[in-house]
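A closer look at the structure
What follows is each chain in one-letter form.
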Amino acid sequence: MQRVFLCLQKLSEDTPVFFALSNLPFSRNLGEPCYAKAAHQYPVRSNIPKAAQQNSPQGNKLRGDFDFLLIHQNNGFTVCEVKAFGDNVNELKMSEQQINDNIRKKLTESVSQLDKADRVLSDMVSDIAPGLHITKTIAFPNLTSEQIKKAINGNEELARKLSQCLGVTDPTNIMDLILCADLLSDPKTPWNISSDLLEKLKGWWQRCVAGSGPDPLMTSDLYKKLVARLGGPAATVTVPCTSAPRMSIKTLGQAVSYTGECYGAQGEGFAQITLYPEQVKLINGEQPRVFLSGPPGTGKTVVLQLIAASWLRSGKDVQVMNSWKKSRAASCMMHLLLQKAVGKQTEAATQWGELHLVTQDLNSEEDVDKAVDVFTKAAKDGSLYVIADEAGPDNWDKDKDYFEQFCDKLRSKFPRLHLWAASCFHGSELISDEGWSEFALRRSLRCPPVVVREVIKTREIATDKTVIEYDDRGFQNHTDGPKIQHVYHKGHSGAVRDCLRCGQEVASFLCSLKRGDIEGAVPTATSPSSSGSSTPPPTPPILLNKDMLVLYPGEVNTKFDFVKGLAQCGIPVKVTTNDDDINDLATAHSDVVWVANEDDVRSLERKVVVCLQEEDISPCLHGISRCTSQLVIVSP
């Protein structure tokens, strides 16, 4: 299903508009309570919900669903039945005869299901679109065209049924209309759809859907009515489950918000993430001095936070070090999160240690000596516990690596030094003493796959190799993530940062995400009632302004026309101009959309990140990788 979906999604970028639904039950209705007010405005066939009742004779006829239902603005409906057969024939050691028999069985089932879908769909829209054309097709993602053709050959009855169902006069044309493995992406990389494969998909679309020409009954108004009736946010899809109801996702804004909840959280939120075994082992290993490296989003900050919390719980004072300008936000956020952890301690707990935030830039040897003096005064009984996220400056000139000098001097002064630091860069002699351990975290923890695929294109990973590449995650992802939104500056005047039109276009998209709760919707209950009766599934939290971030690869300015474009469209926007602004941004205190230099937000994360790119500046690692859900790229 995912492969078919991703291929249709890619195809939609190069064909006239169509709306796609998957797994839509025949018996669905527009009865979800929280959208009752909104649904009242939509054109609804009143007899459909009644006919769909499970216990009625008509309801029995309506049992089933559309695997894929496409509503095309010119060509009407396309119904696709997806069959999974073929993925394990080798494991089952099936003979060629058994394979052919199973393919024939699946084709026969498909004909029956498609004919039923045709009747049900015609009835569903008979009051607003009687006689609207319905194209029928079958998808076999795990079988080649030769395998299917071989099974059909010699079986005239099956060929006749398929021809009649798919609407072809010549049985030799049946294979032109079936979506098989030859026309779909590789199951190992379903998102990777090459230009050659896309051309094949376009050929299939022309033969199967567009070849007969536009349906004269289709109009722009009818298209909207069909989408509202069959795919509106009030449509109800129920899934039996023994545990609590799953999240109910109805709009792009909700999908963006929920994806962000799965991969990361800000402020007082808690990410729904699980550490990898190597991270758990590292935290429990009681190593005194550790340097963490690895690409963004691999959990370096999470590990530092957890090890610092364990020190605090054991009564140790912890110093959170801010070693240079670009670690301001990371240090501030780390200090805030640890403060909250300390604040939640109970009276029964062991007395926690004290937490301190130490800002000491390391831009010279004199700065190094000052920092050593500051931490010497903070030491107790010869012991010192220090956390340094985004350690730096990230200057790997061995003669001027001031953070390394700081570590070496502190280590020589305090044999019982506990210092854990992290940076995404590798390849330095930062930890030269045998008393240090270096660990590379390489599996993505915080970014959805669609964002990771963009991160690996950045100069630091793809060209300079100053940041190591990601390893395979090894676990199922929550979701691939919302599709990247591209805004192109082409045809506009000036630079991207000075483009009012680009700012307005981005603002329009951000506003559409925030409207994800739909006007007229009523909040849904999230827990069972005391009587034990079921309640609708919970809906995701709506997106807030502080869930969004605009990043620029240079110094930011309130005079940018792009910023003015955001403000003119109602986006509450602020530009970071000093350390106080960085602190506000890091702690997610103000509910505004911050505009910042992408280098100043290392280790932070937001559900929606807008990256501005200029002609002469390549995409930056630290900007794109801040995104936990919806990435927007504005480029020349």
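**Focus: the overall build of the protein chain**
Each helix and strand in the protein chain was counted, giving 21 helices and 17 strands. Sorting the 636 residues of the protein chain into buried and exposed places 51% on the buried side. Restricting the contact set of the protein chain to residue pairs at least 6 apart, pairs at least 24 apart contribute 77%.

**Examining the sheet that holds strand S6 (residues 289–293)**
An order of S8-S7-S9-S10-S6-S11 is seen for the six strands of this open sheet, with the pairing classed as parallel. Looking along the sheet, the strands with just one partner apiece sit at the ends: strand S8 (355–359) and strand S11 (437–440). This sheet shows a mean twist of 20° between the axes of neighbouring strands, independent of strand direction. Pairing geometry for S6 and S11, over four bridges, is parallel. Within S11, the residue paired with phenylalanine 291 across the bridge is glutamate 438.

**Some remarks on unusual backbone geometry**
If a residue is not glycine, its phi is most likely negative; likewise, a peptide bond is most likely trans. In this model, glycine 392 is joined to proline 393 through a cis peptide bond whose omega is 10°. Checked against the element boundaries, proline 393 lands in the loop between strand S9 (383–388) and helix H15 (402–413). In this structure, lysine 93 is a non-glycine residue whose phi angle is positive, near 55°. Among the residues examined, lysine 93 registers a relative accessible area of 75% and is labelled exposed. Backbone geometry places glutamate 390, a non-glycine residue, at a positive phi of 50°.

**Brief notes about the environment of alanine 391**
Relative to the assigned elements, alanine 391 resides in the loop between S9 and H15. For alanine 391, a relative accessible area of 5% translates into the label buried. A C-alpha to C-alpha distance of 6.4 Å links alanine 391 and serine 323, two positions 68 residues apart in sequence. Those residues in contact with alanine 391 that lie beyond four places of it in its chain are Ser323, Trp324, Phe403, Ala421, Ala422 and Ser423.

**Some thoughts on the confidence of the model for the protein chain**
On average, the protein chain scores 84 in pLDDT, and the residues at 70 or more come to 83%. Here residues 47–59 is a poorly scored stretch, pLDDT under 50, and it has 16 contacts once near neighbours within four places are set aside; other chains count. Segment residues 517–533 is flagged for pLDDT under 50; beyond a separation of four residues in sequence, or across chains, it makes 27 contacts in the model.

**Description of the packing of aromatic side chains**
Here the structure, examined in full by the defined rule, presents seven aromatic pairs. Their ring planes at 55° and their centres at 5.6 Å tell us that phenylalanine 375 and phenylalanine 406 sit as a pair that is tilted. Taken as a pair, phenylalanine 375 in helix H14 (residues 365–378) and phenylalanine 406 in helix H15 lie far apart in primary sequence, 31 residues in all. On the accessibility criterion, phenylalanine 375 (0% relative accessible area) is buried. When its relative accessible area of 0% is taken as the criterion, phenylalanine 406 is described as buried. A ring pair is formed by tyrosine 552 and phenylalanine 560, whose centres lie 5.3 Å apart and whose planes are at 65°; its orientation type is edge-to-face.

**Here's the deal with the pattern of salt bridges**
One pass over the full model with this rule turns up 33 salt bridges. Glutamate 146 is the salt-bridge partner of lysine 149, the closest N and O atoms lying 3.6 Å from each other. Here lysine 149 and its partner glutamate 146 are both found in helix H6 (residues 145–152), three residues apart, which amounts to about one turn of the helix. What makes lysine 149 partly exposed here is its relative accessible area of 35%. What makes glutamate 146 partly exposed here is its relative accessible area of 48%. Here aspartate 599 ties to lysine 326 by a salt bridge, and the two come within 2.9 Å at their closest N and O atoms. Here aspartate 599, found in the loop between strand S15 (593–597) and strand S16 (606–612), pairs with lysine 326, found in the loop between strand S7 (318–322) and helix H13 (328–343); they are 273 residues apart in sequence, far enough to count as distant. Residue lysine 326 is classed as partly exposed on the basis of its relative accessible area of 23%. Each of Lys326, Glu390, Asp599 and Arg602 takes part in a single network of salt bridges with overlapping partners.

**Regarding the nonpolar core**
Core analysis: the biggest nonpolar cluster contains 69 residues, and Leu69, Phe77, Leu107, Ile148 and Leu226 have the highest contact counts within it. Residue contributions to this core peak at nine residues, all from helix H5 (residues 96–124). Residue contacts for isoleucine 148: discarding those within four places in its chain leaves Ile103, Leu107, Phe140, Leu143, Met175, Ile178 and Cys180. In this structure, Ala329, Ile461, Cys627 and Ile633 belong to the second largest nonpolar core, which totals 31 residues.

**A closer look at helix H10 (residues 252–263)**
Over its 12 residues, H10 extends 16 Å from the first C-alpha to the last, a length consistent with the 16 Å expected when each residue adds 1.5 Å. Within H10, burial applies to Gly253, Gln254, Val256, Ser257, Thr259, Gly260, Glu261, Cys262 and Tyr263. Next to the buried residues of H10 lie helix H16 (449–455), helix H18 (500–514), S16 and strand S17 (627–635).

**Topic: the sheet that holds S15**
Spatial ordering of the open sheet is given by S12-S17-S16-S13-S15-S14, a layout of six strands whose pairing is parallel. Each edge of the open sheet is held by one strand with a lone partner, namely strand S12 (485–488) and strand S14 (573–575). In this sheet, neighbouring strand axes are inclined to one another by 20° on average, regardless of whether the strands run parallel or antiparallel. Sheet strands in contact with H10 are S16 and S17, and its direction is about 120° off that of S17. Each of strand S13 (548–552), S14, S15, S16 and S17 is contacted by helix H19 (residues 561–568), which is oriented at about 155° to S14, the strand it contacts most.

**Focus on the side chain of arginine 289**
Along the chain, arginine 289 turns up in strand S6. Reaching out from arginine 289, the side chain makes a polar contact with the backbone oxygen of leucine 417 at a distance of 2.6 Å. When residues no more than four places from it in sequence are discounted, the contact partners of arginine 289 are Arg411, Pro415, Arg416, Leu417, Leu419, Trp420, Gly435, Trp436 and Ser437.

Criteria and cut-off values
- Residues numbered from 1 in each chain as written.
- Predicted model: local features only at pLDDT ≥ 70, side-chain atom pairs only at ≥ 80, totals over all residues.
- Heavy atoms only, no water.
- Helix = DSSP H or I, 4+ residues; strand = E, 2+ residues; numbered from the N terminus.
- Buried < 20%, exposed > 50% of the residue type's maximum accessible area, 1.4 Å probe, protein only.
- Contact = heavy atoms within 4.5 Å.
- Pairing = 2+ DSSP bridges.
- Axes fitted to C-alpha atoms, helices over the stretch in contact; angles between N-to-C directions.
- pLDDT = per-residue confidence, 0-100.
- Phe/Tyr/Trp six-rings, centres within 6.5 Å; stacked < 30°, edge-to-face > 60°.
- Salt bridge = Lys/Arg side-chain N within 4 Å of Asp/Glu carboxyl O.
- Core = buried A, V, L, I, M, F, W, Y, C linked by side-chain atoms within 4.5 Å.
- Expected span 1.5 Å × (residues − 1).
- Polar contact = N/O pair within 3.5 Å; in protein donor to acceptor, adjacent residues only side chain to side chain.

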